[in-house]
Amino acid sequence: MEKVLLPERIIDEGLELLKDKAEIIITKDASEQSIIDEVSDTFAIILRSKAKITRSIIEAAPKLKVISRTGAGYDNVDVQAATEHNVMVCNLPGINTVAVAEHTISLMLALLKQLPKMDLYVRNGQWGKRSEFISEEAFGKTIGIVGLGKIGREVMFRCKSMGMHVLVYDPYVENALKDNDIRFCNDVETLFTQSDVITLHVPNIPENKKMVDEHLIRLMKPTAYIINTSRGEVIDQGALTSALKEHRIAGAGLDVFAQEPIEQDDPLLTLDNVILTPHAAALTKESGIKMTVEAVKQVIDCLEGRIPPYIVNRRELHLE
Ligand SMILES: NC(=O)c1ccc[n+]([C@@H]2O[C@H](COP(=O)([O-])OP(=O)(O)OC[C@H]3O[C@@H](n4cnc5c(N)ncnc54)[C@H](O)[C@@H]3O)[C@@H](O)[C@H]2O)c1
């Protein structure tokens, strides 16, 4: 039986699928040395997020055929070294799409409905605050979606079903994908000026670093909210914090931050017009199971001589 190495334990559903197909080795910990100690006769590595598969690990693994990530990102794999050693790097693009879209909608509704404040009122015996009308409806409001890729699109469907008007800014979306019910903006400024809720779904590429800067934030309505479940780097967090502090905008919902974990003395933590979650948008029970099971299935494909569906270095390995 071929060996499959797990630098971090995977959930039982994944182990169950694998147990009759391969010998499963779980390393002592996720460090480079612990992986190197076990990797010499390994056929596959199933990789969560703690461990890094470095060139040294790949060079110590002459039988390695596949590294299978339990998620979309693969920045913890030296893909160049893997390609040079004829090792497939597999990932799972879009596996978290629904989870992140739902988290985005949750942040939007929690902001509009002021759920954290409401919860506090009840706990603090301030029941009477219920008549202060601090809550708002999504129906009839305008959502501005920046980036209409996999997640942006799922957010769009959900917002449309709630009776929201949809504005989109995504200069790279092809005409064929455009939809009559949504309005595409030619510039991001229009979207920032006209939206009641803005949500960011762009990749963290160098061009998008701090794309939401002081200038764009100043264009937002004072009643508008901004949500970021993409990557912390795409917002100028200092500029956002100032706008929230000075109540120049109504609030923000953030799952991602310039620095993660966020520092305990970060001023964002003192503000009551922002809802913060710990980069957890993708981490649902369902997506956790899906991520592991699909990553294991890609390894089983390799064990049984099939080419798995999602290979990052497919072209470089001439597998097309
Ligand atoms: N919070 C989480 O746990 C979590 C989980 C998964 C993905 N993400 C993040 O969500 C983001 C979106 O993921 P996705 O799977 O939808 O990506 P995707 O590649 O499917 O879509 C990204 C879209 O953004 C557009 N785009 C790129 N630059 C733009 C710009 N400057 N202005 C407007 N549009 C632009 C692209 O054309 C594309 O349509 C990524 O940053 C990803 O890292 C976060």
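Residues numbered from 1 in each chain as written. Predicted model: local features only at pLDDT ≥ 70, side-chain atom pairs only at ≥ 80, totals over all residues. Heavy atoms only, no water.

The name given to the protein chain in an unreviewed UniProt entry is Phosphoglycerate dehydrogenase, and the organism recorded there is Mahella australiensis. The heading Sequence similarities (unreviewed entry) in the UniProt record of the protein chain holds the text "Belongs to the D-isomer specific 2-hydroxyacid dehydrogenase family." (UniProt positions renumbered as here; feature names shortened; annotations may be inferred.)

Before going further, it helps to spend a moment on the sheet that holds strand 3 (residues 42-47). Pairing is parallel in the open sheet, where five strands are placed in the order 2-1-3-4-5. Sheet topology places strand 2 (23-26) and strand 5 (88-90) at the edges, where each strand pairs with a single neighbour. For this sheet the average axis-to-axis angle between neighbouring strands, irrespective of direction, equals 20°. Both strand 1 (residues 3-6) and strand 2 contribute to a ladder of four bridges, which runs parallel. Residue pairing in the sheet places Val 4 in a bridge with Ile 24 of strand 2. (Pairing = 2+ DSSP bridges. Helix = DSSP H or I, 4+ residues; strand = E, 2+ residues; numbered from the N terminus. Axes fitted to C-alpha atoms, helices over the stretch in contact; angles between N-to-C directions.)

To continue, consider the pairing of strand 11 (residues 251-254). Side chains Gly 251 and Gly 253 project from strand 11 onto one buried face, and the interleaved Ala 252 and Leu 254 project onto a second face that is buried too. In terms of strand pairing, strand 10 (residues 225-228) meets strand 11 through four bridges, oriented parallel. By the bridge assignment for strand 11, Asn 228 is matched with Leu 254. In this region the chain leaves strand 10, passes through helix 10 (residues 237-245) and returns to the parallel neighbour strand 11; the handedness of that crossover is right-handed. Relative to strand 12 (residues 274-276), strand 11 is paired through three bridges, and the arrangement is parallel. (Buried < 20%, exposed > 50% of the residue type's maximum accessible area, 1.4 Å probe, protein only. Right-handed = clockwise from strand over helix to strand, strands pointing away.)

Close to the ligand lie 23 residues; Lys 150, Ile 151, Asp 170, Val 202 and Asn 208 are nearest. In the model, an oxygen atom of the ligand is placed 2.7 Å from a nitrogen or oxygen of the Val 202 main chain. Note that an oxygen atom of the ligand is positioned 3.4 Å from one of the side-chain N or O atoms of Arg 231. The class makeup of the residues in the shell around the ligand is twelve nonpolar, seven polar and four charged. (Near = heavy atom within 4 Å. Polar contact = N/O pair within 3.5 Å; in protein donor to acceptor, adjacent residues only side chain to side chain. Nonpolar A, V, L, I, M, F, W, Y, C, P; charged D, E, K, R; others polar.)

Domains assigned within the protein chain are domain 1 (3-95 + 285-303) and domain 2 (97-276). Placing the centre of domain 1 and that of domain 2 at their C-alpha centroids yields a distance of 35 Å. (Domains from an automatic or database assignment.)

All right, on to the sheet that holds strand 6 (residues 142-146) then. With parallel pairing, seven strands are arranged side by side in an open sheet as 8-7-6-9-10-11-12. Only two strands of the sheet have a single neighbouring strand rather than two, namely strand 8 (182-184) and strand 12. Averaged over all pairs of adjacent strands, the angle between strand axes in this sheet comes to 15°, irrespective of strand direction. Relative to strand 9 (residues 197-200), strand 6 runs parallel, the two sharing four bridges. By the bridge assignment, Val 146 is partnered in strand 9 with Leu 200. Helix 7 (residues 150-161) contacts strand 6, strand 7 (165-169), strand 8 and strand 9 of the sheet and is inclined by roughly 170° relative to strand 6. (Contact = heavy atoms within 4.5 Å.)

Turning to its location among the elements, Gln 237 is positioned in helix 10. The exposure class of Gln 237 is buried, given its relative accessible area of 14%. Setting aside residues no more than four positions away along its own chain, Gln 237 makes contact with Phe 257, Ala 258, Ile 262, Asp 266 and Leu 268.

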